[in-house]
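A look at the structure
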Amino acid sequence: SAASAIAAALIASGAAHAQGSSGTVEQVVVTGTSIRGVAPVGSNVISVNREEIEKIGAQSMAEVLRTVPAVTGFGNTGQGSFGTGGEGVFAPTIHSLGASASNGTLILIDGHRLPLTGVNHNLVDPSVIAPNALERVEVLPEGASSTYGSDAVAGVLNFITRRRFNGLDLTAQAGLGDQYKTANFGFVGGRTWETGSALLAYNYSFRSSIPGDARDFNRADLRDEGGGTFQTFFCGPATFQG
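Okay, so let's go over this structure.

What counts and what doesn't
- Counting starts from 1 at the beginning of each chain's written sequence and moves along it residue by residue.
- Local features in this predicted model are restricted to residues whose pLDDT is 70 or higher, and side-chain atom pairs enter the listing and the counts only when it is 80 or higher, whereas totals over whole chains, interfaces and linings include all residues.
- As a rule here, side-chain values come from all non-hydrogen atoms in the structure, and water together with hydrogens is ignored.
- Helix and strand labels come from DSSP, where a helix needs a run of H or I of at least four residues and a strand needs a run of E of at least two; each type is numbered from the N terminus.
- Using a 1.4 Å probe on the protein chains alone, a residue whose accessible area is under 20% of its type maximum counts as buried, one over 50% counts as exposed, and one in between counts as partly exposed.
- A contact between two residues is defined here by any heavy atoms of the two lying within 4.5 Å.
- Every accessible area reported is derived by Shrake-Rupley at a probe size of 1.4 Å, with residue values counting cover from the shown protein chains alone.
- Only strands that DSSP links by at least two bridges are regarded as paired with each other.
- A pairing counts as a salt bridge when a side-chain nitrogen of Lys or Arg comes within 4 Å of a carboxyl oxygen of Asp or Glu.

**What about the overall build of the chain?**
When helices and strands are tallied, the chain shows 4 helices and 12 strands. Within the chain, the proportion of its 242 residues that are buried is 29%. Contacts spanning at least 24 positions in sequence make up 52% of the contacts within the chain whose residues lie at least 6 apart. Accessible surface, the chain: about 15,200 Å² in total, of which carbon and sulfur atoms supply 55%.

Spelled out as C-alpha cells, the structure:
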C-alpha cells in the first residue's frame with residue numbers, strides 16, 4: 001500500500017542518514033583471507049609453475065622446491081629426509097622454522113590439508129604427489145596464522161595439481177657418475193569430458209648411495225700424499241685406530 005511504501009522510504013532515509021553521520025570509510029585493509037584467488041595484503045606469493053618444473057627437469061618434490069630459497073629441509077642434492085629419523089619422510093620447512101618433531105610450515109594440496117605420516121614424528125610428506133602431476137606450487141614465505149591457524153607460523157606450501165589435462169605424457173631420465181647413478185621414470189595421463197575429468201600420474205626416482213671412500217677428498221688414508229692415516233677398524237673385542 002501507499003502507507004507501507006512511505007514507511008519503507010522513511011526507514012531507508014533514516015538508515016542512510018545514520019550511516020552518513022558516522023563518517024566515511026576511506027580504506028579497508030585485508031590482512032588475512034580464505035577467499036579463493038584473493039591474496040592477503042603484504043604477502044609475496046612465490047609460484048613455481050609447470051614451465052619451470054619442466055625446465056629444471058625435476059624428478060622429485062625436493063628438486064621442485066630447490067628453486068625457492070626460503071624453503072629448506074633437504075640436502076643440496078635434492079634428496080634425503082629431514083627431522084624424521086630413518087623412515088625417510090621429506091618434510092620441507094620455510095626459513096627452517098620448526099623443531100625435529102614439529103613443523104611450522106602448513107602443506108596443502110589444492111588448498112586441502114593432508115593426513116600426517118611418519119614413524120618417529122608425525123609430519124606431512126608432499127612426496128606423495130608425482131612431480132609430473134603438478135601444475136604449480138605456491139609458496140607463502142611468511143606467517144599466515146591469522147588465516148590458516150597455528151600450523152602456518154612459518155608459511156604455507158600449496159601444491160596445485162593439473163586440471164583439464166588430455167593425453168599421455170611420458171618422461172625418463174638417467175645419470176651415471178663415479179660410483180653413482182640415478183634413474184627416473186614417470187607418466188601422466190588424463191581425459192576430460194563435459195561433466196568431469198580424470199588424471200592418473202606415477203613417478204619413480206632412484207638415487208644410489210656413494211661409498212665414503214669413493215671421493216679422494218673424503219679418504220681417511222692419506223699416506224700416499226705424505227699425510228697420515230685416520231682409518232678406524234671396529235672388531236671385537238677392541239677398536240684399532242690407524
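**As for the sheet that holds strand β6 (residues 134-140)**
With mixed pairing, the 5 strands of this open sheet are ordered in space as β1-β6-β7-β4-β5. Of all the strands in the sheet, the pair left with one neighbour each is β1 (46-49) and β5 (112-113). Two strands pair when backbone bridges link them, and strand β4 (residues 105-109) and β5 are joined in this way by 2 bridges, in the antiparallel orientation. Following the sheet pairing, I109 is matched in β5 by H112.

**Topic: the pattern of salt bridges**
Two side chains with opposite charge may pair up if their charged atoms get near one another. Inspection of the entire model under this criterion finds 6 salt bridges. The partner of R207 in a salt bridge is E63, and the shortest N-O contact between them spans 2.5 Å. You can see R207 sitting in strand β10 (residues 196-207) and its partner E63 sitting in helix α3 (residues 61-65), a full 144 residues away along the chain. According to the relative accessible area criterion, E63 is buried, its value standing at 14%. A salt bridge links D151 to R113; its shortest N-O distance comes to 3.2 Å. Of this pair, D151 sits in the loop between α4 (145-148) and β7 (155-161) while R113 sits in strand β5; the two residues are 38 residues apart in sequence, bridging distant segments of the chain.

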